[in-house]
Each structure stands twice: as structure tokens, then as C-alpha cells.
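Summary of structural features
Chain by chain, the residues:
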Amino acid sequence: WGAATPPTPARGSCAAASATSPSSSPSPNATPPPPTPPPGPAPAAPARARTAPPGRPTTAAPGATMFGRRYVLGKELGRGEFGVTRRCKDAATGEALACKTIRRHRRRAAAHAADVRREVAIMRRMSARGGAAVVRLREAREDQEGSVHLVMELCEGGELFDRIVARGHYSERAAAKVFRTIVNVIQLCHSNGVIHRDLKPENFLFANKSEDAPLKVIDFGLSVFFNPGDRFTEVVGSAYYMAPEVLKRNYGQEVDVWSAGVILYILLCGVPPFWGDNDEKIAQAIIRGGLDFNREPWPRVSGNPKDLIRQMLDPDPATRLTASQVLEHPWLKNADTAPNVSLGEAVRSRLQQFSAMNKFKKKALGVVARNMPVEELDKYVQMFHLMDKDKNGNLSLEELMEGLHINGQRVPESEIRMLLEAADTDGNGTLDCDEFVTVSLHLKKMTNEKYLAAAFRYFDKDGSGFIEIDELRQELGPNEQAILEIIRDVDTDRDGRISYQEFELMMKSGADWRTRQFSRANFSTLSRKLCKEETSSS
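Within each chain, residue numbers correspond to sequence positions counted from 1 in written order. With pLDDT at 70 or above as the cut-off, local features in this predicted model cover only qualifying residues; side-chain atom pairs require 80 or more to be listed or tallied, and sums for whole chains, interfaces and linings still use all residues. Side-chain measures were taken over the full set of non-hydrogen atoms in the model, leaving aside hydrogen atoms and water.

Going by an unreviewed UniProt entry, the chain carries the name non-specific serine/threonine protein kinase and comes from Aegilops tauschii subsp. strangulata. In its Sequence similarities (unreviewed entry) section, the UniProt record describing the chain reads: "Belongs to the protein kinase superfamily. Ser/Thr protein kinase family. CDPK subfamily." UniProt positions are given in the numbering used here, feature names are shortened, and annotations may be inferred rather than shown by experiment.

Once that is clear, we can look at the overall build of the chain. Helix and strand assignments come from DSSP, with helices taken as H or I runs of at least 4 residues and strands as E runs of at least 2, each series counted from the N terminus. The secondary structure content of the chain amounts to 20 helices and 14 strands. Looking at the chain as a whole, 56% of its 538 residues are labelled buried. Sequence-distant contacts in the chain: of pairs separated by 6 or more residues, those separated by 24 or more amount to 68%. Reported accessibility uses the Shrake-Rupley method at a 1.4 Å probe radius. Residues are deemed covered only where the shown protein chains occlude them. Surface summary for the chain: the accessible area is close to 22,300 Å², and the carbon and sulfur share equals 52%. A simple rule labels every residue: compare its accessible area, found with a 1.4 Å probe on the protein chains alone, to the largest value its type can have, and call it buried under 20%, exposed over 50%, or partly exposed in between. Should any heavy atoms of two residues lie within 4.5 Å, those residues are counted as being in contact.

Before going further, it helps to spend a moment on the UniProt feature "binding site: ATP" (unreviewed entry) in the chain. Taking the numbering used here, the UniProt-annotated feature "binding site: ATP" (unreviewed entry) corresponds to Lys100. One can find Lys100 in strand S5 (residues 96-102). If sequence neighbours within four positions are ignored, Lys100 has contacts with Val84, Thr85, Glu119, Val148, His149, Leu150, Met152 and Asp219. Any pair of nitrogen or oxygen atoms within 3.5 Å is treated as a polar contact; in protein, a donor-acceptor pairing is required on top of that, and neighbouring residues in sequence qualify only through side-chain atoms on both sides. A polar side-chain atom of Lys100 sits 2.8 Å from a polar atom in the side chain of Glu119.

On to the environment of Gly237. Relative to the helices and strands, Gly237 resides in the loop between strand S12 (231-232) and helix H5 (244-247). Put simply, Gly237 and Ser223 are 14 residues apart on the chain and 9.6 Å apart in space, counted from C-alpha to C-alpha. Other than its neighbours up to four places away in sequence, Gly237 contacts Arg197, Asp198, Leu222 and Met242.

Cysteine sulfur pairs qualify as disulfides if the two atoms are within 2.5 Å. Enumeration according to the criterion identifies 0 disulfides in this entry. Cysteine Cys99 is unpaired, with the sulfur of Cys88 as its nearest cysteine sulfur at 5.1 Å. With a relative accessible area of 1%, Cys99 lands in the buried category.

Here we take up the confidence of the model for the chain. Per-residue confidence for the chain gives a mean pLDDT of 74; residues scoring 70 or more make up 63%. Every residue is assigned a pLDDT by the predictor, reflecting its confidence on a scale from 0 to 100. Note on residues 2-64: pLDDT under 50 across the span, and 160 contacts to partners over four residues away in sequence or across chains. Scored below 50 in pLDDT, residues 510-521 makes 42 contacts in the model with residues more than four places away or belonging to other chains.

Attention now moves to the packing of helix H6 (residues 254-269) against helix H8 (residues 303-312). The convention used is that axes are lines fitted to C-alpha atoms, helices contributing only their stretch in contact, and that angles between N-to-C directions extend from 0 to 180 degrees. At a minimum axis separation of 8 Å, H6 and H8 run at an interaxial angle of 150 degrees. On the basis of the axis angle, H6 is roughly antiparallel to H8. Viewed along their axes, H6 and H8 form a crossing whose handedness is left-handed. Along the contact surface, H6 presents Val257, Trp258, Ala260, Gly261, Leu264, Tyr265 and Leu268, while H8 presents Pro305, Leu308, Ile309 and Met312. Side-chain classes follow a simple rule in which Ala, Val, Leu, Ile, Met, Phe, Trp, Tyr, Cys and Pro form the nonpolar group, Asp, Glu, Lys and Arg form the charged group, and the remainder, Gly included, forms the polar group. Of the residues assigned to the contact of H6 with H8, the class counts are 10 nonpolar, 1 polar and no charged. Should an angle fall under 35 degrees it is taken as roughly parallel, and over 145 as roughly antiparallel, whereas 65 to 115 is taken as roughly perpendicular and any remaining angle as oblique. Each crossing gets its handedness from the near helix: less than a right angle anticlockwise from the far helix is left-handed, clockwise is right-handed.

Centres within 6.5 Å are what make two rings of Phe, Tyr or Trp a pair, Trp counting through its six-membered ring; a difference in plane orientation under 30 degrees is then read as stacked, over 60 as edge-to-face, and the rest as tilted. By the definition in use, this model includes 10 aromatic pairs. Geometrically, the ring pair formed by Tyr265 and Phe293 is tilted, given 6.0 Å between the ring centres and 45 degrees between the ring planes. Pair noted here: Tyr265 is in helix H6 and Phe293 is in the loop between helix H7 (279-288) and H8, with a separation of 28 residues, a long-range link. For Phe293, a relative accessible area of 11% translates into the label buried.

Our next topic: the packing of helix H4 (residues 172-191) against H6. Two elements in contact, H4 and H6, have axes separated by 10 Å at closest approach and are oriented at 170 degrees. In terms of orientation, H4 and H6 fall into the roughly antiparallel class. You can see that H4 and H6 cross each other, and the crossing is right-handed. On H6, the residues touching Glu172, Ala175, Phe179, Ile182, Ile186 and His190 of H4 are Asp256, Ala260, Ile263, Leu264, Leu267 and Leu268. For the contact of H4 with H6, the residue count by class is 9 nonpolar, 1 polar and 2 charged.

Attention shifts here to the pairing of strand S6 (residues 137-142). Counting buried positions over the 6 residues of S6 gives 6, a clear majority of the element. Here a strand pair is declared whenever DSSP counts at least two bridges between the two strands. One ladder, built from 5 bridges, connects S6 with strand S7 (residues 148-153); its direction is antiparallel. Following the sheet pairing, Ala140 is matched in S7 by Leu150. Two successive antiparallel strands, S6 and S7, enclose a turn made up of 5 residues, where Gly146 displays a positive phi of approximately 90 degrees.

Our next topic: the pattern of salt bridges. Take a side-chain nitrogen of Lys or Arg and a carboxyl oxygen of Asp or Glu: if they are within 4 Å of each other, that pair is a salt bridge. Enumeration over the complete set of coordinates arrives at 16 salt bridges. Notably, a salt bridge pairs Arg138 with Asp90, separated by 2.7 Å at the nearest N-O pair. Residue Arg138 is located in strand S6, and its partner Asp90 is located in strand S4 (residues 83-90); the two are separated by 48 residues in the primary sequence. An identical accessibility class is assigned to Arg138 and Asp90; each is buried. The partner of Glu153 in a salt bridge is Lys216, with the nearest N and O atoms 3.3 Å apart. One end of the pair, Glu153, is in strand S7; the other, Lys216, is in strand S10 (residues 215-217), and 63 residues separate them in sequence. Ionic contacts of the salt-bridge type, sharing partners, join the residues Arg70, Asp90, Glu95 and Arg138 into one network.

The α-helix winds at 3.6 residues per turn, so residues separated by three or four positions along the chain end up facing the same way. Counted at 1.5 Å a residue, the expected span for H6 with its 16 residues is 22 Å, and the 23 Å between its end C-alpha atoms agrees. Buried residues dominate H6, accounting for 15 of its 16 residues. Downstream of H6 by one or two residues, Gly270 has phi in the positive range, about 95 degrees. One fewer than the residue count of a helix, multiplied by 1.5 Å, yields its expected span.

Our next topic: unusual backbone geometry. At Arg249, a residue that is not glycine, the phi angle is positive and equals roughly 65 degrees. With a phi close to 55 degrees, Lys391 is a non-glycine residue in the positive phi region. Tracing the backbone through its elements, the reader meets Lys391 in the loop between helix H12 (376-387) and helix H13 (397-406). With a relative accessible area of 58%, Lys391 lands in the exposed category.

Attention now goes to the pairing of S5. Walk down a regular strand and you will see the side chains alternate between the two sheet faces. Among the 7 residues that make up S5, 6 are buried, leaving the element largely enclosed by the rest of the structure. Sheet topology note: the S4/S5 ladder contains 7 bridges and is antiparallel. In the sheet register, Val84 faces S5, and the bridge partner there is Thr101. Taking the residues that link successive antiparallel strands as the turn, the S4-S5 hairpin has 5 residues, and the phi of Gly94 there is positive, at about 80 degrees. Two strands pair when backbone bridges link them, and S5 and S7 are joined in this way by 6 bridges, in the antiparallel orientation.

Below is the structure:
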């Protein structure tokens, strides 16, 4: 973990980024830019187990035992597919920190290690050069089990939307000041040879609870190094914030500006500009384009932010504003003089509901993650080798169909073809072992649903078979209006509570509940379908 240069991802990695420089043949990952300009990474150095001085991240060799003696892990702050973030304390100084632990992925060991190395390298670079707007990485250590611990600055000021909702007065001026920080982060990333690729409100936290606390970007898990002119093809990101060229599988750093434009639209009206109740409808809305400036509160919003949004959500990346140009836009240059008229209670209410719904899904996703032991992957690896009749390391459509049927998964051929296309990340028409494991995990969720059932039971405290308002209050706090909005959106039969079927429908709308690999593969399939539709209609 001492290398600062980004690694070359292993073949078949769903997280490997495909970049093509105009003057060179395609490479799986861009090398960092030269030292000046823009600045490049520090030369790789041998890994050493040592104590990091405050503010300077270091890494340790595999098997290091210093971590357990140096840091005391505490309360869980958040959980994802491969990792969990907890409070931690420096035993030597008493300093409160956060620790993101990324557990070792057994089957995708090489590819997963490449992903984590890249995340660490990017965090190291941005920590050193990002100023107050980037969470500081203290150090990264790998333990004897192969899990990687990223020790970083603790941000306790809450999420962006929560802070806005807590304020009684919310205006264009307040939105402009917050948004200027977000665009500064993008400019810092791009000037340091990094595309973030997953900008969304949840990835920004305030450092502390003070009124003037800095807003910080906290997650670089999908970020990638780039050189000027590089083009990427991997479909990554979060549904509502995805640029159209990502779905078309040909993009560069302009995607971050698009995502920020979506955030600005939400900041000013409380809902995303491109909406749908499943992945395909969201993707179609993004490709279709068109912005609604007619509904409340847009009539009371001044012309400048609308103009900025139009230029940031320009479907043509060649004419879309750059981050530097966004910062020069009159609305942001004169943020302190933007209208201070309240945008209305409806906007605050929508932001609160949007934030609460995300937290509801996040909590459910955490339960799903806790019920998916890494050991379960081993049986899929064994199954792959049994199904691979010709022992060439890849499964054909025929081998996949026969193997799934033998193992009792009666999936229609049309759906197997779709899954093969979705999971075939290297496009060779077959599935290698990594790709097969991804499909298998998804099929298990489709046919068994035990993970979603466990998440439902977590919220259904009294075992009544329904999630009721009081049970939501226990998990989401006393956000009465937001809770009522969640019930209104999810409770399709209008009986005032959420059944398992309604919960399942909510979790399957959008990509939130799926594994990261299948979510990417699913959007890859959608992008191919949308591109075909676009070609046939032109």
C-alpha cells in the first residue's frame, strides 16, 4: 500500500477503468499526469510500518500489527458492500478520527486490491493538495486478514441536505455559497488529474457542527486518474447524477460538471431534474434531456442560476462549461449578493424527504451487506469450475444455461442472455469467474430475496409484517414531514404502512440495493440498449 502510482487493474475487473488516449492504444487505466502541469504522483516508495505524523498519510506493509495497537475502533458510522466506516480514536493522542475498513474480496482479490490501491493513491494526492474541501487521509494499513483500514479525518457536521433543512431560512444565496465549494472540489480534482465520477450530495459532509464549518468531499471510491484527452467507457456513478455520455460509454472529466449541475438543480428545487422509478426510466430521462423550470419554486428563482444549470447540463460535453468556467459564472462570482429571498418551505420539505429516503435505503442496504458473508463467494467459485466443462476459464451461454438449470435456478433463456451481456464486462461473449460470481449473487437475490427480507425484518420491529410510522421514527429520527412523504411514496395501497412487497419495490427502484458490480453491469446493458434505440431512430 506504499505505492502512490495507480496500478494496472486485472483483467475482468468490473471496477477497472478503460481509458484511451488519442495518441496511444487503449489502456485499462490512465497514468497520472506529469508533475507540472498538472502535478503528478510522488514516486513509489517501499512500504514501511511506521507512525504517521498528523495530517501526513502513510501506509504499512501487509500483515502489519501496529493498527490494532494504535487505533481503537468505536461506533459504526456507515456501511457499504465491501466496507464499513467507524469512529476510531488514536490511542496515543486521543484524537477522534474515522476509519473506513475495506474487507478483502476473496475471489476478486487482484482486481479488488487494484481498486483499493487506486482509491488510496487518489486520497493521498487529494489530501495533500485539496485544502479544506477534501477529507484528510491520515494513513492506510492492511491487516493480517487482508482488510485495508483507511484512517481519516472525522466529519461530524452532518450531510449537506440535513444542514440545509435544519436552517429555518433557505435562499439562493445559501445555495450559491454551498455550491461554490462543490465546484471548487471538482476544479481541484481536475487540476490534479482526477475525475471523481460519483459526485452526489451524500458524498459531502460538514467538518463539524459550527455554522461556518467547511464542507468536505469524503469518498473517492469510484474516482480515477486521467490525462488530458483520455476517454473512458466504464459505466459508473449513481443513477440520478449520471451524465448522458457515461451511458453512451465515451466520456472524460466533463461528467463531474454534469453531476454538479444535477446537484444544483436539486439544491434549488428539492427534486432531481431527471426522474424515474427504475434504472431504465432514469437512464431514458437523462438521454431524453429537457429541464423543467416551470414548477415551484422556479418562477421565484432568478435567471442566473437557471442559466448556469442549462450550461452545466448541456448534453454535449464539448460545449458544457468546465469547472473553471462555472466558478467564473456571474451567479457564483457574486454569490454573496445572490437573492436572499426564501425559496419556500416546499423546497426544504422536498430536500428533507429526498435525504430521508436515501437514509432509509442506506440503512436497508447496510442490513443487506451484513447478511452477505464473504465466505459465500467460495461456493460460487467451486460452481464455476464445475460448470466450465472445457476448462478454458470461461463459461459460454450454453454452459451457463446448463449449469444454472442443474443448480435449480430455472431462469428463462432470454434473461440468461441479458445477464450474460450485463456481466460480460470485457465483452468477449463469455463469463470468467469474477463475472460469473457477480451474476450468481444477483440471481440469488432474485430467486431467494433473503437479503431484502432480512432488511425488512430489521425495520419491522414488532414483527407485524408491516413497517409502520413509529418504526420509521425509531430509525430516521423525528423528521415527521419526511417520514409521511416516504409513506406516501412507498405505500402504494394507501393503508398508512409499508408492506414487504412495497418495500421490495422501493429497494429495486434505482441501483441502491444491488451489489456495485451488478449495478454497473446493469447500467452497461441499459446503455447498450439506449444507444441501439438512438441509432435505429436516427
